[in-house]
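# Inside the fold
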Amino acid sequence: MSRQNGCCRGSLWKQVQGVSQRRDQKSDENKRIFEYCVVSGVLFISYSDYNAYNRGDHPMTVYKIVGASASAPSSGGDASLNTTFRMVTSQGTHLYCTAPTPTDCNTWLATLHVGLEAMYMSAPLDTSILKPVSPESSSNRGMFREKQILCTSCGRSCEVITLSTPLPQYGYERRCHVCPECLVSQGVWLDVQLRNQLYATYQYEQRALNNARDECYEVIHEGGIVEIKFNEATLPTVSQANALRDLISSIDFLAYRRACPELDRWCSELELGQLDASEFIDLLDDTPNTHMAELKKQAFRVAGDMGSAMKLFSDYTFTNDVDMFRQILDFFLDLCDESDLSSVAFFWPQLQSLHLKMLPPRDSKELIRVELMEDFLLTIAVKYSIQLALEVTWAYVADLEDSLFNSNISPPTRRRRFSVLRFVCELESLLFDFQDGWGGGSVSLRSMLTPSKDQVILLKDEMMHLTQTRKKLSNIFLSRSIRVEKLSDLKFTKPPEEAAEDALKAAKYADYFSSHLSFTRRICDVAEKLRFLDVSKRPAVLQKEMDILNSSGSMGGDPLNRVKDGLVRIVRVPSKEGHVFRSKERTPILLLMEVIEELEPVASKEKDIDEMLQEQSERGIRRDGPSAEEAVLRRNSNNYAVDLELPESDEVPASNRIRSKSEEDDVHSAEEKIVAQEREETVVEPEKDTDDAKIWMKGNLDAERLEEAVINEGEGAAAVETEENTDDAKLWVNSEGNLDAGRGEKQVYEEEKQETQVNLKNMNDVQAGESKVSDSRDVKESDEQVSSSEAGKNVDCADLLNGNFERQSTEDECQQLNSIDMEKSSNRIPPSPRALTKFKQLESPENREEGKIEPETPSKEAMEMLVIDVMNQQLNVPQLTTFAREESEDDSEKEIISKGATASNKTPTNRKMTALGEADQKSNQLSEDIKRNVLTTIMSKSLRGSNAIAAGAAVAAQKSLQELDRKRAVELMLNDKTVPQEEISGGEEEEAELQRQKMIDLCVNDSSKGSSVGLNGNEDDEAIESLRLLLLQEKKSKEKDEDPMGIKVSSSSSVRNANGSLDGQIDKSDVIEIDAGDVDSRLAGCGVLPPAVLSALTLWKGGVVTNAELLELVKKDLQFIRHSDNPSADAGEDNSEFWGRFAFGERWAEKKARIAACSPEGYDEGWDLHGVIVKSNDDLRQEAFVMQLIELCREAFDLAELELWVHPYRIIATGRTTGIIECVKNAMSFDGLKKRRGFKDGLRGHLERMAEFSSNPGEAFKTMQHNFVRSLASYSLMSYLFLFKDRHNGNILLDTAGHVIHIDFGFVFGIAPGGSFSLEMSTPFKITDEMLEVMGGMQSPFFSEFVTLFCCGFLALRAHMDTFLTIVEITCKTSSFKCFEGRESSEVVEKLRSRFCPDLSKETAVAFALDLIKQSTQSFGTKQYDYFQYLSQGIAT
């Protein structure tokens, strides 16, 4: 038996005697039963044995104790040897229990007495008995019908007669028959009761500990309680230590020791000499040290990254160091407050897993840790991200489906089911802001928890009691606890406006939460329904179900549930775009969903202006009095914001009254002087006031993205462009409010255009003068670029809007089109995790009082050394490989990768993971060092002749090594000729760096720098690629219409006039022919553009039309021209001769444009299209976990600046057997591609035909080969590390750019089809002869690049091995995943560690990677498995 922290557990002989209020429960009276018993507070619970308790079975008996004492010994017996004690329950039952030893007997009695004293000090025990519900009428039962079993709790008929549990609320202390619904509800009620009892004993023990500490302090300080300072001057003397030992042995102090087992253990160690007096006093002191807490948080930042923090957190999750546990959780909340929610969101599944493993708490210490963990999860879900609230609900509902409906589940999962039910109900209560803290969970749990009326009342009472207890103990929770915020009634102390805003936000989040849960369940139910229908009926039923769903008006949120600030709503599911896949066991359905992102209200712009002006004031930009920029912003903001706060007095404020002409001139002249002075300072001194210049530019370009208002010196007139005027007319108003008729509209437009160009020129000069811009200013720079491009729209497109194509020459027009910036910012790409990037160091100096002498500030190095010393010596932080540690020879590649984490990444998705202050050149140098080491190893292995793969890749490796050497030499030569840094200004430095980079690029011809349109490209590139295919398809169809004489029917001879009507046949000399490549280099080879297509492309470049509108305009115009020339001509969409268009069908950009044209909201701001696959009868939790590892690999590759390509996609497990998968755009499986009509010459022939109609087919094919190699190397490496199996051609995709993408991760980490006899088990990864043919054979440069990238990636992932091991270790413990089921977590982790080869040196690790490639290329199992899948499933080989 064991007693710790308010709970006692062990086996007892139990005998029931006395009178019970329930005569039907006397069958076990006077019987002696051996059971496993648990005492928590005044609850005495017994189970049949320990296994039943460990499985979480319902108890045999539940008693509420009202009295306990030692039983009288037999006549002549020794009382000290007595092992029997007696208890009296609230129902009058007498229990005689016998413990194995007298010591155990005393322990049981001490625990019972503590519980009774705690109960009587807090509140009297409620011993009332409820009246059971009358059973349902059974008059309809026939004479020969089998007798029904009725539920004792609700009176309903029980179909399952084996369910039983005690019902103490009705006086039934032993088991009785109940229905399944009441059985689950009774378990939840008992779980809440146990929490209340643990809290009561915790309070009582803490009270006893505090009293004991006070008495010890009195003894040491001889009569006064003073603050203890632990240094040599305050150590207890010998006499004080002796007095302390006498105190803990006194009779009065024994009561404290009896109440608090932890105190009793410390006193025993002091008596035995295992502790001295100072250490004993140190253990008693629990005063929080805020300075130490801050040092701990800073230690987390200095120590490493988020992966290291998760390792530390998992180590402290199941220890008694609650203070360290709390500090780590507070540190995670600090990250969320610093807008780094994505770092916490990435590890959200592991945080949930740790919480589930902690349930249910078995003593008060575990209860405090569980409450802290739940407090953290609830705060993040309710306060920071509603998307994470949905994820935790889906994960916990799936866990409940396992524990409630699966009898073969593991004991830890089954044991926590009632605690999980309570937590989900509490989450829902906080989201919906229920006052009593109990909402019932009807939205999240549906029919999982349906208590009876009496059980609802009991649950509310217990939750109210728990809430009041938490309110008393609010100091144990987190500093930003959402529970404490709700309990402290802060909403009643807030200003009315803020309280109303919070209430509106809570209502919006609650509606989003409930609607999205309902929507996902409905579409998953549709997928489950289709599974039982005939294959021929499924499409019609799917379309009907989607029509019903659209007409219901109840749609959900973001189907991919990406974590972001704004909310995304589904507005429509196109019913005719759905598709049902054929499958034997499950029926996945493909759905397209139209979504709209909710934007911030326009009225909030007034607040943004105030914040911006306040920031300007703090930076010293504002002068005395209002500036011209503020006046412009205020005038522009009046179009959408109204100030409702009017002065109480009748006097008109000076800012509102009408000024006279002279006053107006004085004001404007003062404003002009201020503007001129600010502009002069900003332009002349760009290095000094870089931030100020950027704020000035942003202020002038903000507010509806309008052009700047023009302030004229002579007239003092202000130009205001109204938002409602769609005809681009300008309303000119003078200072007295009258229309200015002195100038014509054309003159006004020209003056405004000139002023705008001058302003833009000044801004460009400021931008050119900036020497270096930090990461914190990227957002402002992007806004300036967008605004600058917006300001020039009308100038670029004015002529083409009127249809006057003859006004400009071809060269001038092409020059204008090419001058427009085509790189548009896109927010569609989700942020990448920051799991491997070092934490940012906080710089928050305290505001010191005026006149106060500032202390000497230590250096950064000294501060880091101090924190590391605290972390290592005082905090006992384990030394992880990802933390700062000593350098070793074997870990040199880890040093390279860890330093590479401080580099800026090239892709927009990884800007968030950029460095904390290092230069780009360092990261590029480190990446080159990794590649150089790998190439050198390959060369050395080839010279020795010890590896066939190295010998084949040696020639290309030598060339790559020579290129690296040449580039390094050029860099060294340029660095020697550079001017000293102190003699170079900002602009000269940038120009010199640009020239240096140009020389390097000229000296080294790196073919890998070519850009390609793939899955990671932006939407503009996808639109241009779709447009290129449309134009090439039209060109192909024209060639087929060519007559025998070779004369083409030119559709360009038919043009439309300015009104859009057809003018008929005109002379070709009247039309200016413009080649598509002159307009955009990406359209080279598409021929001459028709005028209407040129007009649409020009409008798109100017930002007038969107991508969807561009494609729709072009498609309609080409269709119009085609049918005008030849009404019987077909679109030719299914022409297999044009393989680039036919192979993958309709591109995603075209599909998006087509659906947007048919949608009422298609051209609204924030509209987007998502494609998802809804699955049923399939557990996607394992695949979501593997996708998390893949995403972590991509971050590791990006931090190392490697060219490896990975495409993670979203996988959401909405339940145990349902889920949603993000569609991979513009991709098709190898199996589907090979079965496509017209496919020939293998994968290499497919890529050659895809590049056939490019402007440079050879370069396009090389780009596709390069994409193929980059992606194949990355997925091959991950297949080896994580043991991806079942790699047939149906589970490998190929996109339009040539990238390889793996899907379906049902067999990983050692499980495979066929078990240990699987044909794939001996193969590290899949690489076939067809893949080698795409690369050009094993002697080709592309195969050498594959080998190099594979080895470089292996070294990069080795550097972050501990983060991967942490994620796998946390996830696999007590996991229900198939890959971890029935396996020890230590076995899984150690095997994964061995695959990383941490003990090998760098050169040996590269040699090991070469051996892996050799095994894979020579594997016989790969071919056999593909052939097996062809015979069994019909999958193409």
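What this report covers is the structure whose coordinates are included nearby. No experiment lies behind these values; they were computed from the predicted model shown.

Turning to the overall build of the protein, a few remarks are in order. Assigned secondary structure in the protein consists of 51 helices and 24 strands. The contacts of the protein with a sequence gap of at least 6 include a subset with a gap of at least 24, amounting to 73%. Carbon and sulfur atoms make up 50% of the accessible area of the protein, which amounts to about 67500 Å² in all.

On to the pattern of salt bridges. Summed over all chains, the structure comprises 52 salt bridges. Taking the shortest distance from any N to any O, the salt bridge between Lys486 and Asp433 comes out at 3.5 Å. One end of the pair, Lys486, is in helix H19 (residues 482–487); the other, Asp433, is in the loop between helix H16 (417–431) and helix H17 (442–445), with 53 residues separating them in the sequence. Two residues, Arg586 and Asp1178, come together in a salt bridge whose shortest N-O distance is 3.8 Å. In this pair, Arg586 sits in the loop between strand S13 (579–580) and strand S14 (589–597) while Asp1178 sits in the loop between strand S19 (1167–1176) and helix H42 (1181–1199), placing the two residues 592 residues apart along the sequence. The class of Arg586 is partly exposed, set by a relative accessible area of 22%.

This part takes up the sheet that holds strand S23 (residues 1292–1295). Here we have three strands laid out as an open sheet, ordered S22-S23-S24, and antiparallel in their pairing. Strand pairing shows two members of the sheet lacking a second neighbour, strand S22 (1227–1229) and strand S24 (1300–1302), which therefore form its edges. Ignoring which end each strand starts from, the neighbouring axes of this sheet average 35 degrees apart. Bridging between S22 and S23 involves three bridges; their strand directions are antiparallel. Directly across from Ser1229, in S23, lies its bridge partner Leu1293. Its contacts with the sheet put helix H45 (residues 1257–1282) on S23 and S24, and the angle it makes with S24 is roughly 25 degrees.

Aromatic ring pairs are defined here through the distance separating the ring centres and the angle between the ring planes. Under the defined criterion, the tally for this structure stands at 33 aromatic pairs. Taken together, a centroid distance of 6.3 Å and an interplanar angle of 35 degrees make the contact between Tyr1425 and Phe1428 tilted. Taken together, the residues Tyr1425 and Phe1428, both in helix H51 (residues 1421–1433) and three residues apart, mark about one turn of the helix. By relative accessible area, which is 3% here, Tyr1425 ends up buried. Every member of this aromatic cluster is reached through a ring pair, and the members are Phe1185, Phe1282, Phe1284, Phe1305, Phe1309, Phe1364, Phe1377, Phe1380 and Phe1396.

Glancing now at the nonpolar core. If you look at the biggest cluster of nonpolar residues, it comprises 201 residues, and the most contacted ones within it are Phe332, Phe376, Phe1309 and Phe1346. Sorting elements by how many residues they give to this core places H45 first, with 13 residues. Contacts of Phe332, omitting those with residues within four sequence positions, involve Met306, Ala309, Met310, Phe313, Val344, Leu351 and Phe376. Counting 34 residues, the second-largest nonpolar core is a separate cluster that includes Ile1024, Ile1074, Val1079 and Trp1148.

This next bit is on unusual backbone geometry. In this structure, Pro360 follows Leu359 across a cis peptide bond, with omega equal to -15 degrees. Mapped onto the fold, Pro360 is located in the loop between helix H12 (348–358) and helix H13 (364–384).

Glancing now at the packing of helix H9 (residues 306–316) against helix H10 (residues 322–337). Packing of H9 against H10 leaves a shortest axis separation of 9 Å and a crossing angle of 150 degrees. Put simply, H9 runs roughly antiparallel to H10. Note on packing geometry: the crossing formed by H9 with H10 is left-handed. Counting all contacts with H9, which are made through Met306, Ala309, Met310, Leu312, Phe313 and Tyr316, the residues of H10 involved are Met324, Phe325, Ile328, Leu329, Phe331, Phe332 and Leu335.

Nonpolar side chains collect at one region of the surface, where Tyr1427, Tyr1430 and Leu1431 lie side by side and expose about 350 Å² of accessible area between them. For Leu1431, a relative accessible area of 56% translates into the label exposed.

The next point concerns the pairing of S23. Neither face of S23 is open: one carries Ile1292 and Leu1294, the other Leu1293 and Asp1295, and all of them are buried. Direction of pairing for S23 relative to S24: antiparallel, over a ladder of three bridges. Within the sheet, the bridge partner assigned to Leu1294 lies in S24 and is Val1300. Once S23 ends, the chain turns through four residues before running back antiparallel as S24, passing Gly1298 with a positive phi of about 100 degrees.

Criteria and cut-off values
Residues numbered from 1 in each chain as written. Predicted model: local features only at pLDDT ≥ 70, side-chain atom pairs only at ≥ 80, totals over all residues. Heavy atoms only, no water. Helix = DSSP H or I, 4+ residues; strand = E, 2+ residues; numbered from the N terminus. Contact = heavy atoms within 4.5 Å. Areas by Shrake-Rupley, 256 points an atom, 1.4 Å probe, with all protein chains shown as cover. Salt bridge = Lys/Arg side-chain N within 4 Å of Asp/Glu carboxyl O. Buried < 20%, exposed > 50% of the residue type's maximum accessible area, 1.4 Å probe, protein only. Pairing = 2+ DSSP bridges. Axes fitted to C-alpha atoms, helices over the stretch in contact; angles between N-to-C directions. Phe/Tyr/Trp six-rings, centres within 6.5 Å; stacked < 30°, edge-to-face > 60°. Core = buried A, V, L, I, M, F, W, Y, C linked by side-chain atoms within 4.5 Å. Parallel < 35°, antiparallel > 145°, perpendicular 65-115°, else oblique. Left-handed = near helix turned anticlockwise from the far one by under 90°. Patch = residues over 30% accessible without salt bridge, like charges linked within 9 Å, V, L, I, M, F, W, Y side chains within 5 Å.

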